[in-house]
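One-letter residues, chain by chain:
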Amino acid sequence: MTTTDQLPGKYDFKAVEARWQQTWEQEEINKADMDSRREKYYVLEMFPYPSGRIHMGHVRNYSIGDVVARYKRLRGFNVLHPMGWDAFGLPAENAAQKNNTHPAKWTYDNIDYMRTQLKQLGLSYDWNRELATCDDSYYRWEQKLFIEMYQKDLVYQRTTTVNWCETCQTVLANEQVIEGACWRCDDFVRPRKMNGWFFRITRYAEELLADLQALGGWPEKVATMQSNWIGKSTGLSCDFSIEGSERSISIFTTRPDTIFGVTFMSVAAEHPLIDELISGSEIEQAVRTFIKEISEERMRQNIEEEQEKKGIFTGRYCINPFSGQRIPVYIANFVLAEYGTGAVMAVPAHDQRDFEFARKYKLPILPVVIPEGTDLNPETMEEASTAYGLLVNSGRFDGMESSAAQAAIIADAEQNGFGSALTTYRLRDWGISRQRYWGAPIPMIHCDSCGVLPVPLDELPIKLPEDRESSAGECAPLSRRPEFFHTTCPACGSGATRETDTMDTFVESSWYFARFTCPDAADAPLDREQSRYWLPVDQYIGGVEHAILHLLYSRFFVKALRDLGYLEIDEPFANLLTQGMVIKDGAKMSKSKGNVVDPDDLINHYGADTVRLFSLFAAPPERDLEWNAQGVEGASRFLNRVYRFITGYSGAPTAADLSAEASDADRTLDRKRHQTIKKVTHDIETNFHFNTAISAVMELFNTLASVTDPEKEETAGSETISQAIKTILVLLFPMVPHFSSEMWAIMKFPSRPEEQEWPSFDEETAREDLLTIVLQVNGKVRSRIQVEADTDEKALEACALKDENVLRFINSKEPKKIIVIKKKLVNIVV
RNA sequence: GCGAGAGUGGCGGAAUUGGUAGACGCGCUGGUCUUAGGAACCAGUAUCUAUGAUGUGUGGGUUCGAGUCCCUCCUCUCGCACCA
């Protein structure tokens with residue numbers, strides 16, 4: 001007897017995990033090399049912002065990714081599983097200011113600490129490919145891509161009204177404005193006119209929308225969100241000439257079939273023609289006061305609630321080009337200046353907003369589309385009728401059906417030259433200029449005589465100046481650093497200034513997944529051979545909060561890089577898994593709520609494997625995970641139970657070994673083993689439901705423990721037992737790699753778990769030979785019987801009709817109908 | 001308001017094509033061993049007026065049979081939100 005037999009003791013996870021991590025690192029077993037003879041698999045988790053320390057959301061995200069990576073390796077794939085740092089961004093500047101240090105130092109210190117944490121979790125990354133986006137070896141290539149995109153007219157500069165956050169002192173993209181507030185600091189966002197750089201993402205609007213169809217491996221929810229964000233609508237663009245003026249008002253409508261029902265025109269308070277419409281008229285002052293009023297109201301407005309419809313007559317009229325009718329022009333508070341043309345033809349009979357407005361200001365309501373089986377009376381209507389139907393009061397289009405009328409009306413407008421078919425998108429071009437220090441400098445030069453020019457490629461990278469003392473002033477934007485922005489014009493050689501804005505950090509994360517295929521490429525942003533082999537990412541994993549921003553920008557970048565000749569793919573991520581949040585006490589873990597659990601504490605207390613196991617076991621990955629301290633305890637208990645079994649298992653021949661025939665215990669264990677392999681493989685392959693996979697392994701272990709119980713008369717043979725242990729360890733390896741490796745070594749099995757093939761199963765062996773058949777009377781379960789698996793329908797029926805409980809409930813009535821489902825049940829209807 | 005998803009024990013969650021509801025784990029109850037245990041092991045654990053009946057948010061429907069399919073309504077979560 002060994003000492004472990006007498007004193008089972010506890011599994012020393014600290015020593016074991018450290019030892020295996022060291023072994024793996026030394027042997028570089030996670031290093032990925034291109035090998036065109038092998039099938040590749042690229043699994044990627046959204047890289048973290050180096051905020052200081054990892055949180056439970058990271059643990060969950062990376063545990064899921066690591067199981068996928070290790071599973072695919074066992075399945076024989078050449079797996080790429082990299083990790084890096086999304087390292088530019090505002091928090092570094094804030095922290096630097098607070099701690100009187102440099103953003104670079106703060107960032108790199110955090111990276112060092114977080115890398116250690118990730119290594120402690122035993123995540124199987126190829127650390128040779130690690131990259132940080134704040135490193136000039138990364139952003140220099142981003143600058144090059146920026147210039148190439150500029151040359152392809154995918155980048156341009158313009159002055160616009162931008163979203164300005166006073167707290168962060170920077171511009172925000174539309175996507176970064178959440179309910180009128182900054183996504184970062186929650187402060188109110190104000191409009192401000194500024195000159196800035198834009199990516200022409202709208203050029204790809206149609207393709208970005210159309211290709212969503214092909215992304216079958218994406219959650220529908222994410223595809224829908226992107227589709228709504230792109231917001232395509234088709235309809236008629238049309239001009240209404242202004243009475244007594246050379247000018248006309250352009251409108252866009254998705255319902256050209258209602259155009260004869262226009263009874264007034266409503267324009268936004270910011271509409272460019274307003275000045276001309278009202279200047280000099282006697283109501284000018286009243287209108288100006290009104291405009292001021294509603295814009296002030298909008299500032300105060302609670303975004304949640306819809307405002308009451310309000311407007312004012314401008315005193316001017318325009319002409320409906322179809323009917324020739326004279327139409328009053330109103331300014332209305334519900335018309336958005338930013339969308340469409342800032343003017344809307346108002347059809348109160350068929351649009352709810354126009355309807356409310358018309359009722360309030362006693363404007364006429366004229367129904368022109370009558371849905372089948374209805375009768376619209378403008379006097380008594382209580383709401384607008386938006387359904388399609390047959391046209392009336394529409395001149396030569398009378399009697400046409402809505403969709404046919406739309407086409408005919410558009411064609412008519414085109415023929416007569418006052419309108420045309422138009423497709424619009426809600427998607428705006430992506431403004432990327434940020435007035436911040438800690439970001440990638442935009443590589444452009446402003447010359448008074450030559451205009452705007454890109455930095456010559458051989459001068460890249462344009463590095464961030466780091467040469468100052470660390471102080472609060474260090475965070476000054478580049479515009480306050482003459483030594484940075486003074487330069488010479490590459491065209492004429494005279495004095496010029498550099499662009500002092502830096503890029504939105506979402507630019508870095510829009511192509512990092514491609515750079516991971518060739519992080520050391522020294523003469524180009526991407527190595528064509530490497531990226532062709534590894535891309536696209538086969539499985540991308542991250543939080544649903546990136547459903548729009550990051551994923552849309554990345555899709556745009558891939559299409560742009562394709563058109564620049566770098567890539568041959570259309571989409572970056574073939575499959576997407578959006579994991580749920582980690583919550584505690586019903587709320588997302590956050591510092592402000594004070595319900596955070598620090599992964600460091602858990603790893604110290606339970607070890608990486610237990611933490612991984614629990615986060616995989618507690619919920620399927622796409623669902624929110626409720627943190628539960630006792631659940632972690634349970635995961636730890638399971639591993640300790642397996643540990644005690646293995647250290648206490650002698651491997652000595654059992655009575656069953658002496659018999660030539662397999663015992664019932666052998667068959668039970670072997671059958672369960674095959675069933676488990678089948679279930680675990682299925683659960684991982686279909687939807688990464690590790691929770692049910694783990695429960696299946698637990699069941700196999702429970703069976704193993706029961707057939708080796710010395711109290712029982714019959715035990716399984718040592719070969720069957722050894723097979724079962726091996727299977728358990730390989731199936732568990734992707735989830736608890738240190739533990740599995742250690743148990744494998746204790747069992748003195750040859751080689752190591754990661755060198756095994758994923759076990760296969762045999763349907764025949766997995767099949768049960770005794771089945772429980774349910775006996776129902778009138779659909780209610782009345783009895784259960786055990787039968788041989790191959791018992792046919794007739795025999796089952798006969799058994800059922802003999803069953804005592806069944807007979808009692810039939811109560812000697814004549815069966816009307818007997819339904820027999822083989823292997824499942826018999827239902828007798830009386 | 002629009003769009004998407006979800007409602008199952010005390011809790012997290014299971015349930016191929018409609019066919020044993022509650023796998024697995026937590027918690028709880030009782031027991032064994034122990035100086036003790038918050039360790040380990042064993043047994044039990046949906047509810048009730050309990051030979052039976054009722055149970056998957058509500059109410060209806062289809063079916064021999066519904067957590068699963070259809071319709072109604074309620075609640076919650078997420079996203080978008082005066083988009084013409």
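The structure presented is a predicted model; accordingly, all values stated were derived computationally and were not measured.

Chemist: Help me understand the packing of helix α18 (residues 608-617) against helix α24 (residues 737-746) in this model?
Modeler: The geometry of a pair of packed helices is captured by two quantities: the angle between their axes and the separation between those axes. Following both chains from N to C, one finds α18 and α24 inclined at 120 degrees, their axes separated by 7 Å at the closest point. Our classification of the angle between α18 and α24 gives oblique. Where α18 approaches α24, its residues A608, D609 and R612 are matched on the opposing element by P737, H738 and F739.

Chemist: Would you take a moment to explain a negative patch on the surface for this structure?
Modeler: A surface patch of like charges, here negative, comprises E788, D790, D792 and E793. Along the polypeptide, E788 turns up in strand β30 (residues 780-788).

Chemist: Please clarify how unusual backbone geometry should be interpreted in this entry.
Modeler: Apart from glycine, the bulk of residues carry a negative phi angle, and the bulk of peptide bonds sit in the trans form. Each neighbour pair has its own omega, and for L460 with P461 the value is 0 degrees, a cis peptide bond. One can find P461 in the loop between β20 (451-454) and α13 (482-485). A cis geometry characterises the amide bond from L535 onward to P536, with omega recorded as 0 degrees. Mapped onto the secondary structure, P536 falls in the loop between α15 (528-534) and β24 (539-543). With phi around 55 degrees, N778 is a residue other than glycine that occupies positive phi space.

Chemist: So what exactly am I meant to see when it comes to the confidence of the model for chain A here?
Modeler: Parts of the prediction with low pLDDT should not have their coordinates interpreted in detail. The predicted model of chain A has a mean per-residue pLDDT of 89, with 95% of residues at 70 or higher. The complex prediction reports pTM at 0.91, with the ipTM value standing at 0.94.

Chemist: Would you explain the packing of helix α4 (residues 90-99) against helix α5 (residues 103-120) in this entry?
Modeler: It is the contact of α4 with α5, at a shortest axis distance of 8 Å, that shows an interaxial angle of 110 degrees. Here α4 lies roughly perpendicular to α5, going by the angle between them. Mapping the contact onto sequence places P91, A92, E93, A95, A96 and N99 in α4 and P103, W106 and T107 in α5. Each residue belonging to the contact of α4 with α5 can be placed in one class, and the counts come to six nonpolar, two polar and one charged.

Rules used throughout
- Residues numbered from 1 in each chain as written.
- Chains lettered and ligands numbered in written order.
- Predicted model: local features only at pLDDT ≥ 70, side-chain atom pairs only at ≥ 80, totals over all residues.
- Heavy atoms only, no water.
- Axes fitted to C-alpha atoms, helices over the stretch in contact; angles between N-to-C directions.
- Helix = DSSP H or I, 4+ residues; strand = E, 2+ residues; numbered from the N terminus.
- Parallel < 35°, antiparallel > 145°, perpendicular 65-115°, else oblique.
- Contact = heavy atoms within 4.5 Å.
- Patch = residues over 30% accessible without salt bridge, like charges linked within 9 Å, V, L, I, M, F, W, Y side chains within 5 Å.
- Areas by Shrake-Rupley, 256 points an atom, 1.4 Å probe, with all protein chains shown as cover.
- Salt bridge = Lys/Arg side-chain N within 4 Å of Asp/Glu carboxyl O.
- Lys, Arg positive; Asp, Glu negative; His and termini not counted.
- Charge placed at Lys NZ, Arg CZ, Asp CG, Glu CD.
- pLDDT = per-residue confidence, 0-100.
- Nonpolar A, V, L, I, M, F, W, Y, C, P; charged D, E, K, R; others polar.

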